[in-house]
Amino acid sequence: MAHNDKGEAMQDLSDGYVEVDGVRLKLSQPYTGSAQWIGQREILMQLLACWITVDEADLPLTPRLVGAPGMGKTQLVIAAAKEQELPLYIYQCTADTRPEDLLITPVLGQNGNISYHASPLVSAMLCGGICLLDEGNRMNEKSWASLAPLFDGRRMVESVVAGIQIPASSEFRAAITMNDDESTFEIPDYILSRLQPTLKVGFPNRQDEMEILRYHLPYAEAEMLAMTVEFLQTSHQLKLDFSPRDGINVLRYALKRLQQDSTHPLSRDEAWQEALERCLGEEASDLEELAKRKKRALGGEAVPLGLADLFFDPDDPLHPDREDDTDDDDFE
Ligand SMILES: Nc1ncnc2c1ncn2[C@@H]1O[C@H](COP(=O)(O)OP(=O)(O)O)[C@@H](O)[C@H]1O
Ligand SMILES: [Mg+2]
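Cut-offs and rules
- Every chain is numbered independently, its residues counted from 1 as its sequence is written.
- Working convention: letters from A go to chains and numbers from 1 go to ligands, in the order in which they are written.
- Side-chain atom pairs in this predicted model are given and counted only at pLDDT of 80 or more, local residue features only at pLDDT of at least 70, and totals for whole chains, interfaces and linings cover all residues.
- With hydrogens and water stripped out, all remaining heavy atoms of the structure feed into the side-chain values.
- The numbering of helices and of strands both runs from the N terminus, where a helix is a DSSP run of H or I of at least 4 residues and a strand a run of E of at least 2.
- A 1.4 Å probe rolled over the protein chains alone gives each residue an accessible area, and that area as a share of the maximum for its type sets the label: buried under 20%, exposed over 50%, partly exposed in between.
- Whether two residues are in contact is decided by their heavy atoms, any of which lying within 4.5 Å being enough.
- Computed by Shrake-Rupley with a 1.4 Å probe, the accessible areas treat only the displayed protein chains as cover when residues are assessed.
- For a helix, the expected span equals 1.5 Å multiplied by the residue count minus one.
- Two strands qualify as a pair provided DSSP detects at least 2 bridges between them.
- When we say a residue is near a molecule or strand, we mean one of its heavy atoms is within 4 Å of it.
- Polar contacts, as used here, are pairs of N or O atoms within 3.5 Å; protein pairs need one atom able to donate a hydrogen and one able to accept it. Residues neighboring in sequence count only if both atoms are side-chain atoms.
- Each residue gets one of three labels, nonpolar for Ala, Val, Leu, Ile, Met, Phe, Trp, Tyr, Cys and Pro, charged for Asp, Glu, Lys and Arg, and polar for the others, Gly among them.
- The split into domains, and so the bounds of each, comes from an automatic or database assignment of domains.
- Grouping buried Ala, Val, Leu, Ile, Met, Phe, Trp, Tyr and Cys residues that are joined through side-chain atoms within 4.5 Å yields what is termed a nonpolar core.
- In summary, the pairing rule links any two rings of Phe, Tyr or Trp, Trp by its six-membered ring, whose centres are within 6.5 Å, and it sorts them by plane angle into stacked for under 30 degrees, edge-to-face for over 60 and tilted for everything else.
- Our definition puts a charge over a ring when NZ of Lys or CZ of Arg is within 6 Å of the ring centre and also within 35 degrees of the ring normal.
- Confidence of the predictor in every single residue is expressed as pLDDT, which spans 0 to 100.

For the protein, the helix and strand inventory stands at twelve helices and twelve strands. Within the span of the protein, comprising 332 residues, buried residues form 44% of the whole. Intrachain contacts of the protein at a sequence separation of at least 6 include 69% that bridge at least 24 residues. Just so you have it, the protein exposes about 18100 Å², and 49% of that area is on carbon and sulfur atoms.

Here we take up helix α9 (residues 244-259). The first and last C-alpha atoms of α9 sit 22 Å apart over 16 residues, in line with the 22 Å expected at 1.5 Å per residue. Looking at α9, one finds that the buried residues are Pro 244, Asp 246, Gly 247, Ile 248, Val 250, Leu 251, Ala 254 and Leu 255. In this fold, the buried residues of α9 make contact with α7 (206-216), α8 (222-237) and α10 (268-280).

Here we come to the pairing of strand β2 (residues 17-20). A regular strand places its side chains on the two faces of the sheet in alternate fashion. With burial as the criterion, only one face of β2 is covered, namely that bearing Val 18 and Val 20; the residues Tyr 17 and Glu 19 on the opposite face remain uncovered. Alignment of strand β1 (residues 10-12) against β2, held across three bridges, turns out to be antiparallel. Bridging from a neighbouring strand, Gln 11 pairs with Glu 19 of β2. Joining the antiparallel neighbours β2 and strand β3 (residues 23-26) is a turn of two residues, in which Asp 21 adopts a positive phi near 50°.

This part covers the site of ligand 1. Neighbouring residues of ligand 1: 16 residues in total, closest Gly 70, Lys 73, Thr 74, Gln 75 and Arg 245. At 2.8 Å, a side-chain N or O of Thr 74 approaches an oxygen atom of ligand 1. His 216 has a polar side-chain atom sitting 2.9 Å from an oxygen atom of ligand 1. Its free accessible area being 560 Å², ligand 1 has 91% of it covered by the protein chains. Listed by contribution, the elements that provide at least two residues to the shell around ligand 1 are α2 (73-84), α7 and α9. Class assignment of the residues belonging to the shell around ligand 1 gives a composition of eight nonpolar, six polar and two charged. Structurally, the shell around ligand 1 is a two-domain feature, drawing no fewer than three residues from each of domain 1 (10-200) and domain 2 (206-285).

Looking at soluble globular proteins, one finds that nonpolar side chains tend to be buried together. Core analysis: the largest hydrophobic core is formed by 40 residues, its most contacted members being Leu 133, Trp 144, Leu 147, Phe 151 and Phe 172. Of all the secondary structure elements, the ones that give two or more residues to this core are β2, β3, β5 (88-92), α4 (120-127), β8 (130-134), β10 (164-167) and β11 (173-179). Looking at this core, the element that brings in the most residues is α4, giving six residues. Beyond its immediate chain neighbours, meaning those up to four positions away, Phe 172 contacts Pro 60, Leu 121, Ala 124, Met 125, Gly 128, Gly 129, Cys 131, Leu 150, Phe 151 and Arg 155.

Here strand β6 (residues 104-108) runs beside strand β7 (residues 114-118); their pairing, made up of five bridges, is antiparallel. Of the residues in β7, the one forming a bridge with Pro 106 is Tyr 116. Taken together, β6 and the strand that follows it, β7, pair antiparallel across an intervening segment of five residues, in which Gly 112 is found at a positive phi of about 85°.

With that settled, consider the packing of aromatic side chains. Within the structure shown, the criterion is met by two aromatic pairs. On the numbers, 5.4 Å between centres and 45° between planes, the contact of Phe 231 with Phe 242 is tilted. Taken together, the residues Phe 231 in helix α8 and Phe 242 in the loop between α8 and α9 connect sequence positions eleven residues apart. You'll find Phe 231 and Phe 242 in the same group, each marked buried. Between Arg 24 and the ring centre of Tyr 17, over which it is positioned, the NZ or CZ distance is 3.8 Å.

Averaged over all residues, the pLDDT of the protein is 89; the fraction at 70 or higher stands at 86%. Ignoring residues within four places in sequence, the model shows residues 326-332, a span with pLDDT below 50, making seven contacts including any to other chains.

Written out as structure tokens, the structure is:
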């Protein structure tokens, strides 16, 4: 059922259409897949708290979920929407998302008439659902600018294409996910200040990581699960960015290789090792070495080379600039 707080401008035409200020809009379909969030209860509670209103005058917050790719940001929002029992609309942000893609797109019909399609975001606003703007860091400033009035006290957007203002239902909620990788736009502060708080999705602990893998691959043997969890936990300790998604992919490929009917069947170890190298690259088979190289690369950017660097390896105990062991964790 679609509705609007003011009640005047919008009419529910059923059959997936609504009318706003005399303009007929075709609604997007909500996401119907399900997802369970395993472990890390605190981050789920933090997200759900953003969507609570504590008084009639209160407004919900639109948080920004940040973290490395594959950490579970998208999964968290899907699971949270399910917990709220509200329809979820997902908009996948890309570098060439235009404001009209985010809001209302005109579509030319066979009879030459133009019909207007509401984006997942506008559909969530009209139907009182949750909108996930996924990978929001990929979207450019112009598109973000069209959302400024939505994420402050005004809670509305203006579609230039359809010539209408669209107020959000009081039930409307949103969350943004952002990867911390390089392929991103710099989002201006006036937008970031509307996307608060920032919630950091971190690595799961050993027990949760085992549960996550088991949830996605319930048919995997204990030994293969254990190898994968061990790998992931070691990489988390070394502050490398391998994620639960990486673990799921390695395990999935290893299981497929094991299953294959071949004249020289692979051992579990071989299948797992091969999957690791094919999915994450050869360097993933020596995590300690990879961590050292990462540390060197980061240090190399920050500190100019000195004369001693010509004679000593950075880890050489004789290197005059060598850090104390106690500082070893500070390379992030
Ligand atoms: N806490 C968790 N519970 C269940 N599945 C998880 C959890 N964390 C990560 N995953 C799984 O890891 C994979 C990557 O998660 P995803 O949400 O796509 O990551 P991101 O959006 O951060 O890139 C998905 O298959 C997801 O289901
Ligand atoms: Mg994602």
